[in-house]
Amino acid sequence: MKKMNVESFNLDHRSVAAPYVRIADRKELPGGDTLIKYDVRFSQPNESHLEMPAIHSIEHLTAEHMRNHTEALIDFSPMGCQTGFYALMLGVEDADFKDLLEATFKDILAADEVPAANEVQCGWGANHSLEAAKSAVQDFLDERAAWDVVTK
Ligand SMILES: [Zn+2]
């Protein structure tokens, strides 16, 4: 395949074994800081995916709750293919990021609401499901030992 500009376009999505967490990109900034982009994959590409209310609520919940654990989260966003998320971190290496993810997802299991799920704070406030988010996060946490295994 032709080499593409986007890192994940060069990833053979047939070869991965979801769920997993992998570093998708790393950039050294002129000031010496390091930006690290994580591929947080919930669903096996082209075999399954998350429904939008679940992925949307996981986005809101993680964006809010992870910041209770770290100031290094820059962005947590869903993939358009609905199989996972990208997390952009400032200088948080792999093992520490996985611990942060585990702590944050445990918070989600204990949450009693989706933050900012309303018309004032969100672009589609009705498009949420706390129950579906918890179910997907529970499945992901159950596979914690497999997060390091990226390919089949
Ligand atoms: Zn939203």
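Residues numbered from 1 in each chain as written. Predicted model: local features only at pLDDT ≥ 70, side-chain atom pairs only at ≥ 80, totals over all residues. Heavy atoms only, no water.

By the naming in an unreviewed UniProt entry, the chain is S-ribosylhomocysteine lyase, taken from Kocuria carniphila. Reading the Sequence similarities (unreviewed entry) entry of the UniProt record for the chain gives the comment "Belongs to the LuxS family." For the chain, the Catalytic activity (unreviewed entry) comment in UniProt is given as "S-(5-deoxy-D-ribos-5-yl)-L-homocysteine = (S)-4,5-dihydroxypentane-2,3-dione + L-homocysteine". (UniProt positions renumbered as here; feature names shortened; annotations may be inferred.)

Enquirer: Can you help me understand the pairing of strand 2 (residues 34-41) in this one?
Expert: Every regular strand shows the same layout, with side chains that alternate between the two sheet faces. In terms of residue burial, strand 2 counts as a mostly covered element, since six of its eight residues are buried. Two strands pair when backbone bridges link them, and strand 1 (residues 20-28) and strand 2 are joined in this way by eight bridges, in the antiparallel orientation. Counted as the bridge partner of Ile-23 is Tyr-38 from strand 2. Linking strand 1 to strand 2, which pair antiparallel, is a turn of five residues; within it Gly-32 sits at a positive phi near 105 degrees. (Buried < 20%, exposed > 50% of the residue type's maximum accessible area, 1.4 Å probe, protein only. Helix = DSSP H or I, 4+ residues; strand = E, 2+ residues; numbered from the N terminus. Pairing = 2+ DSSP bridges.)

Enquirer: Got a minute to help me understand the environment of Lys-152 in this structure?
Expert: Positionally, Lys-152 belongs in the segment after helix 3 (130-142). Within the structure, Lys-152 has its side chain in polar contact with the backbone oxygen of Arg-14 (distance 3.0 Å). (Polar contact = N/O pair within 3.5 Å; in protein donor to acceptor, adjacent residues only side chain to side chain.)

Enquirer: Is there a simple way to think about the nonpolar core in this case?
Expert: As a rule of thumb, soluble globular proteins bury nonpolar side chains together. Phe-42, Ile-58, Met-89, Phe-97 and Leu-101 are the most contacted members of the largest nonpolar core, which totals 31 residues. Sorting the residues of this core by element identifies strand 2, helix 1 (52-65), strand 3 (73-78), strand 4 (84-90), helix 2 (94-110) and helix 3 as the ones contributing at least two each. Per-element accounting of this core gives the leading share, six residues, to helix 3. Contacts of Met-89, omitting those with residues within four sequence positions, involve Thr-34, Leu-35, Ile-36, Tyr-38, Met-66, Thr-70, Ala-72, Leu-73, Ile-74, Phe-97 and Leu-100. (Core = buried A, V, L, I, M, F, W, Y, C linked by side-chain atoms within 4.5 Å. Contact = heavy atoms within 4.5 Å.)

Enquirer: In this structure, what is going on with the pattern of salt bridges? I would like to understand it.
Expert: Pairs can form between side chains of opposite charge once their charged atoms are near each other. All told, the structure shown has 11 salt bridges when counted by the stated rule. Of the charged contacts, one joins Glu-93 and Arg-26 as a salt bridge, the two residues approaching to 2.9 Å between their closest N and O atoms. Highlighted residues: Glu-93 in the loop between strand 4 and helix 2 and Arg-26 in strand 1, separated in sequence by 67 residues. What makes Glu-93 partly exposed here is its relative accessible area of 36%. Among the ionic pairs, Lys-98 bridges to Asp-148, the shortest N-O distance being 2.4 Å. You can see Lys-98 sitting in helix 2 and its partner Asp-148 sitting in the segment after helix 3, a full 50 residues away along the chain. (Salt bridge = Lys/Arg side-chain N within 4 Å of Asp/Glu carboxyl O.)

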